[in-house]
Amino acid sequence: MDKTHRSTILVEEAEIVGQEAFAGEQYVMRVMAPGCAARARPGQFAHLTVDPQRPMRRPISIMRASPSGGWVDFLYKVVGDGTRLLAARQTGERVSLLGPIGVPFEVKDKRPLLIGGGVGMPPMVFIAESIKGTDRQPFVVLGSEVPFPFAPRPSQFLLPGIPEGVIAAMPLLEDWGVPSRLASLQGYAGCHHGYVTDLGRCWLDGLSSQQLAEVGVYACGPHPMLEAVVDLARDYGLPVQVSLEEFMACAVGGCAGCVVEVNTPEGPAMKRVCVDGPVFDGYSVF
């Protein structure tokens, strides 16, 4: 296995330069971390200290990184005492950042279908930004059961197969020229009332056979969602990469606390999500 991604990991004292709160106890935090920003790739994450009095770090996916600006953005949701402490941190304070960590996504297809659910949205945003301005033609589907951590707006892109009235999109992606749609079971205006895989299937059904041959699927989100995404890819015979979410202690492969069973040519094997992943071939996991 290629292990070159492990040489990118470094420790930085990162200054918090932004901490924006959204509904549903969601936050977007920007830190100045030039080393991480220069090395980060879509799908990787950082291990952050949440408070000087808490030694255990928290793994958080990287949503955006600017090598020229030296900053890194993280979207996270308060789910326990650690992330609650992180949400209380103020601009100008510093957090210890270990990263970037993990195997990134490798986007090889002309028409990437990017599917993110909940705090699995950030890697999809990172992929979209990394390929904007190229000849690739992505479509992004984002799902959430709490209000989205941005104010949705009507999409400027008309897409074959998308149900009438499903027009809500992520403004940042729209500004980049990347079409997106939103899904939720909460009845949010302009969003598809259903699952992200429903919208993915609508889009795929609207493609020609030649266009379908150019599609690859990339996803991050809760385990049941990823399993459904792999089933969707299997229905259409598409390649699929998934980024797994697991609890972690060390995040550098030492504790083996985040192992999952993965199918390999040699048979089932236990792989560490932190350094053998978090990105895996979807069919090897499901």
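In case you missed it, the structure is sitting above this.
Keep in mind the model is a prediction, meaning the values are calculated, not measured.

K.L.:
Explain the sheet that holds strand S7 (residues 111-117) to me, and be specific about the residues and the numbers.
P.N.:
Ordered by their spatial adjacency, seven strands build an open sheet running S12-S11-S8-S7-S13-S14-S17, and the pairing between neighbours is mixed. Each edge of the sheet is formed by a strand with only one pairing partner; in this case those strands are strand S12 (192-193) and strand S17 (279-281). With three bridges joining them, strand S14 (residues 240-243) and S17 adopt antiparallel strand pairing. Considered in S17, the bridge of Gln241 is made with Asp281. Packed onto the sheet, helix H3 (residues 121-131) meets S7, strand S8 (139-143) and strand S13 (215-220) and runs at close to 155 degrees relative to S7. Running over the sheet, helix H5 (residues 196-205) touches S7, S8, strand S11 (180-184), S12 and S13 and is turned about 160 degrees from S8.

K.L.:
With reference to specific residues and values, describe the packing of H5 against helix H7 (residues 223-236).
P.N.:
When two helices pack together, their arrangement is given by the angle between the helix axes and the distance between those axes. For the pair H5 and H7, interaxial distance at closest approach is 10 Å and the crossing angle is 20 degrees. When the interaxial angle is binned, H5 and H7 end up roughly parallel. The two elements H5 and H7 meet at a crossing, and its hand is right-handed. Note on element contacts: H7 touches H5 through Met225, Ala228, Val229, Leu232, Asp235 and Tyr236, opposite Val196, Thr197, Gly200, Arg201, Leu204 and Asp205. Looking at side-chain class alone, the contact of H5 with H7 contains seven nonpolar, two polar and three charged residues.

K.L.:
Describe the pattern of salt bridges, with residues and values.
P.N.:
Across all of its chains, the model carries 10 salt bridges by this definition. For the salt bridge of Arg64 with Glu129, the shortest nitrogen-to-oxygen distance reads 2.9 Å. One end of the pair, Arg64, is in strand S4 (residues 58-66); the other, Glu129, is in helix H3, with 65 residues separating them in the sequence. The partner of Asp235 in a salt bridge is Arg201, and the shortest N-O contact between them spans 3.0 Å.

K.L.:
Could you give me a rundown of the pairing of S4, with the residues and numbers involved?
P.N.:
With respect to burial, S4 is a largely interior element, seven of its nine residues being buried. Relative to S4, strand S3 (residues 45-48) is paired through four bridges, and the arrangement is antiparallel. Of the residues in S4, the one forming a bridge with His47 is Pro59. In the sheet, S4 pairs with strand S5 (residues 71-77) via four bridges, with the strands oriented antiparallel.

K.L.:
Which residues make up the environment of Phe74, and what are the values?
P.N.:
Within the secondary structure, Phe74 is located in strand S5. Residue classification places Phe74 among the buried residues on the basis of a relative accessible area of 0%. Phe74 sits 46 residues away from Val28 along the chain, and the two C-alpha atoms are 5.5 Å apart.

K.L.:
Break down H3 for me, with residues and values.
P.N.:
Of all 11 residues making up H3, nine are buried, and the element is well covered by its neighbours. What H3 keeps buried is the set Met121, Pro122, Pro123, Met124, Val125, Phe126, Ile127, Ala128 and Ile131. Buried residues along H3 sit against S4, S5, S7, S8, helix H4 (171-175) and S13. Where H3 terminates, the next one or two residues include Gly133, which has phi positive at roughly 85 degrees.

K.L.:
A description of H7 should follow, citing residues and the corresponding values.
P.N.:
For H7, with 14 residues, the first-to-last C-alpha span of 20 Å sits near the 20 Å given by 1.5 Å per residue. Regarding H7, the residues found buried are Met225, Leu226, Val229, Val230, Leu232, Ala233 and Tyr236. The arc that holds the buried residues of H7, viewed along the axis, is 155 degrees, so those residues lie on one side. Opposite the buried face of H7, at more than 90 degrees from it, the exposed residues are Pro224 and Asp235. Considering only its buried residues, H7 is in contact with S7, H5, helix H6 (209-212), S13, S14 and helix H8 (282-285). Of the residues trailing H7, Gly237 is marked for its positive phi of about 70 degrees.

K.L.:
Can you break down the sheet that holds S3 residue by residue, with the values?
P.N.:
Taken in spatial order, the six strands of this closed barrel run S1-S2-S5-S4-S3-S6, and their pairing is antiparallel. Taking the axes of each pair of neighbouring strands and ignoring which way they run, one obtains an average angle of 45 degrees across the sheet. Summarising the sheet, strand S1 (residues 10-22) and strand S6 (residues 94-101) pair through six bridges and their orientation is antiparallel. What sits directly across from Ala14, in S6, is Val95. Contacts between H3 and the sheet are confined to S4 and S5, with S4 contributing the most and set at about 20 degrees to the helix.

Rules used in this analysis
Residues take numbers from 1 onward in each chain, read along the sequence in its written order. Two thresholds apply to this predicted model, a pLDDT of at least 70 for residue-level local features and 80 or more for giving and counting side-chain atom pairs, whereas whole-chain, interface and lining totals are computed over all residues. Side-chain figures throughout are based on the complete set of non-hydrogen atoms in the structure, without hydrogens or water. Strand pairing follows a simple DSSP-based rule, namely that at least 2 bridges must link the two strands. Secondary structure elements are defined from DSSP: runs of H or I of at least 4 residues count as helices, runs of E of at least 2 residues count as strands, and each element is numbered from the N terminus. In this description, contact between two residues means that some pair of their heavy atoms is separated by no more than 4.5 Å. In this description, a line fitted to the C-alpha atoms serves as the axis of each element, helices being fitted only across the stretch in contact, and the angle between N-to-C directions of two axes falls anywhere from 0 to 180 degrees. Note that the term roughly parallel is reserved for angles under 35 degrees, roughly antiparallel for angles over 145, roughly perpendicular for angles of 65 to 115, and oblique for everything else. A crossing counts as left-handed when the near helix is turned anticlockwise from the far one by less than a right angle, and as right-handed when that turn is clockwise. Under the convention adopted here, Pro, Cys and the residues Ala, Val, Leu, Ile, Met, Phe, Trp and Tyr are nonpolar, Asp, Glu, Lys and Arg are charged, and Gly plus all remaining residues are polar. For salt bridges, the criterion is a side-chain nitrogen of Lys or Arg within 4 Å of an Asp or Glu carboxyl oxygen. Residue burial is assigned from relative accessible area. The probe radius is 1.4 Å, only protein chains are included, and a residue is buried under 20% of its type maximum, exposed over 50%, and partly exposed in between. Under the convention used throughout, the expected extent of a helix is 1.5 Å for every residue step, that is, one less than its residue count. As used here, the arc is the angular range of directions from the helix axis to the C-beta atoms.

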